[in-house]
Amino acid sequence: MPKFIFVTGGVLSGIGKGHTTASIAKLLQFRGYGVDLVKIDPYLNVDPGTLNPVEHGEPFITDQIFEFNPAPSFSYTTAEVDQDFGTYERFIGRAIHPRNNITSGQVYLSVILQERLGKFLGKTVQIIPHITDEIKRRLVEIAKAGKRERNKLDVIMVEIGGTVGDIEADPFLEAIRQFRLEHGSGNTLLVHVTLVPLLATVGEMKTKPTQHSVKQLLSRGLQPDIIIARSENSLTEESRRKIALYSNVRPEAVISNPDLKEIYELPLKFYEQGLDAFILQRLEMIAHPPTGMTDWQEVVNRFLHPTEHIRIAMPGKYVAMADTYVSIYESLRHAGAHLGAATTIEMVDAEQLEQSNDAKDQLIQYDGILLTPGFGTRGTEGMIRSAWIALEEDIPYLGICFGAQLLFVALCRYGLGMKKANSTEIDPKTPYPVVDLLPEQREIEEKGGTMRLAGHPIKVLPKTKLRTIYKKSKIRERFRHRYHLMWEPAKKAEKEGLIVSATDLSGKIINAIELTNRYWVVGTQFHPEYTSRPDQPNPLYLAFIDAILKRKHAIG
Ligand code: GLN
């Protein structure tokens, strides 16, 4: 059995518990250990696929598919997981299985379906022990599957979403309490991440919220082993001592997690404070000397010391929250840093572009345009317009999924004169349905987990930009869509310079397009952002930024 490190949060949500969890995993990797990461989301949705990305951030798409089969009468598949998995994968540099995202929805559904099957005949089905047993069973199942599939699995990190004190989180905390008791000390660890605010008027760090949230944990029978304190500046010795005293942990187990200029530096900040050494000692594991840390430091340095600066516009309907497109945002940063450039990404409100008289003037100020993934109709006219402006003005352009579909719509409308051409998702009555439902999607009505999801093999056609970029005839990237580009208009659009540069293996589904008569215009049905890492940018994002920089240098 691997060891388990549980990570809970206190005081506030959104203080970077995901980055903390991922950074600890990274440190254990540096020490030569095999790690896996689990996220528990206490909400009742079965998966985050149908959550509003503005409210909840993007769903992350995994390479693999999880077949959730709690009873013979019910089964579904998913590859849509919490956005924290993006952080995990970017830090540990490896794909994580979607079964590792446990939600209350899944847990309750399993127990209730089992009850109907008669598994608990004669018993009153209760949160304790039935829900908590199911939670523990899932954790053990993940450990077993991980052991089966990978030769090296030593530690599983389990992050619990939300904060201690949320009603939905209670069954999970109780399950952890039981799990720790059953598995014995030395095999599990509890890390609590809290906020230590700076009261500006008195210039003082306030530890009271931390004390309160630790008390809440204690009231659930959970004594944290490590406190990670998020704060603006590094913790003062005084605050560290106070937190240690009130939380009943050793001072060296109070770790400072200050605001950083570059988030990928966090594992190194933890290392400086001996966090990994402390964890290994408590888990009775050998402290091998760390390897790979200098390389990581070099990667961090690239982010910290760019030599030039580019600006990319992202016209879309969601402009409110950076997390909505966090994987794209990170991929652009990875590629930029690799090429010595800091990348500013500006969300441009597509609805406003729709009506604006100076949309062109607005967009030509940018070094590149990335048209985002998306669903529905709102803002689409503005997005189509942006795609056409990119073509007219020959601005480097990358269209992802919806962004590729709308590029195609723009070309059909304004290049081929197919007035009102559209995707049937936007206009079901369009005279030119140039983007339409995938054949297998026609019968599907349910919304949860029913898109074409996860990693699929892709055939990259010769003599294309894409082939030069990926240097392979067969690649694998991740998908999340119901619609696809139609072949007939794609053939017609050849005279406008369009070529299909990738398809699925059968050759039936168009997976990428590009324009031969423009400087750099590429649209992909797949999402390359889910495989980009800080130390290994995705080739397509890298090529996009490279093209932008070359053009910028040429213009001077
Ligand atoms: N709505 C489009 C589709 O379902 C695009 C999806 C996306 O951008 N991920 O095909």
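Owing to the predicted nature of the structure, the values given are computational and were not obtained by experimental measurement.

Here is what the cut-offs are and how they apply
Residues numbered from 1 in each chain as written. Predicted model: local features only at pLDDT ≥ 70, side-chain atom pairs only at ≥ 80, totals over all residues. Heavy atoms only, no water. Helix = DSSP H or I, 4+ residues; strand = E, 2+ residues; numbered from the N terminus. Rg over C-alpha atoms; globule rule 2.2 N^0.38 Å. Buried < 20%, exposed > 50% of the residue type's maximum accessible area, 1.4 Å probe, protein only. Contact = heavy atoms within 4.5 Å. Near = heavy atom within 4 Å. Polar contact = N/O pair within 3.5 Å; in protein donor to acceptor, adjacent residues only side chain to side chain. Nonpolar A, V, L, I, M, F, W, Y, C, P; charged D, E, K, R; others polar. Pairing = 2+ DSSP bridges. Axes fitted to C-alpha atoms, helices over the stretch in contact; angles between N-to-C directions. Right-handed = clockwise from strand over helix to strand, strands pointing away.

Quick look at the overall build of the chain now. When helices and strands are counted, the chain shows 19 helices and 23 strands. A compact globule built from 556 residues should have a C-alpha radius of gyration of about 24 Å, and the chain, at 25 Å, falls within 12% of that. C-alpha atoms of the chain, sized along the principal axes, occupy 70 × 60 × 45 Å. Buried residues in the chain amount to 58% of all 556 residues. Excluding contacts between residues fewer than 6 apart, the proportion of contacts in the chain whose partners are at least 24 apart in sequence is 75%.

A word on the site of the ligand. Around the ligand, a shell composed of P373, G374, F375, C401, F402, Q405, E425, R480, H481, R482, Y483 and H527 is seen. At 3.1 Å, a backbone N or O of F402 approaches an oxygen atom of the ligand. Here H527 contributes a side-chain N or O atom positioned 3.3 Å from a nitrogen atom of the ligand. Taken together, the elements giving at least two residues each to the shell around the ligand come down to α16 (402-415) and β19 (474-481). Residue composition of the shell around the ligand, grouped by class: five nonpolar, four polar and three charged.

An order of β5-β2-β6-β1-β7-β10-β11 is seen for the seven strands of this open sheet, with the pairing classed as parallel. Of all strands in the sheet, those with a lone pairing partner are β5 (101-103) and β11 (254-258), marking the two edges. The sheet shows a mean angle of 20° between the axes of neighbouring strands, direction not considered. Pairing of strand β7 (residues 188-195) with strand β10 (residues 226-231), which is carried by five bridges, proceeds in the parallel orientation. Paired with L195 across the two strands is R230, which belongs to β10. With respect to the sheet, helix α5 (residues 127-149) is in contact with β1 (3-9), β2 (35-41), β5 and β6 (155-160), its orientation differing from that of β5 by roughly 170°. Its contacts with the sheet place helix α10 (residues 275-282) against β1, β7, β10 and β11, and it is angled at close to 160° to β10.

A few words now on the pairing of strand β15 (residues 397-400). The alternating pattern of β15 places Y397 and G399 on one face and L398 and I400 on the opposite face, and all of these are buried. Read from strand β14 (residues 368-371) through helix α15 (residues 380-393) to β15, the crossover connection turns out right-handed. Where β15 meets strand β23 (residues 521-524), four bridges bridge the pair, whose relative direction is parallel. Counterpart to G399 in the pairing with β23 is G523.

Note on placement: G382 falls in helix α15. The sequence separation of G382 and S356 amounts to 26 residues, and the corresponding C-alpha distance is 9.1 Å. Apart from the residues within four sequence positions on either side, G382 is in contact with A350, L353 and E354.

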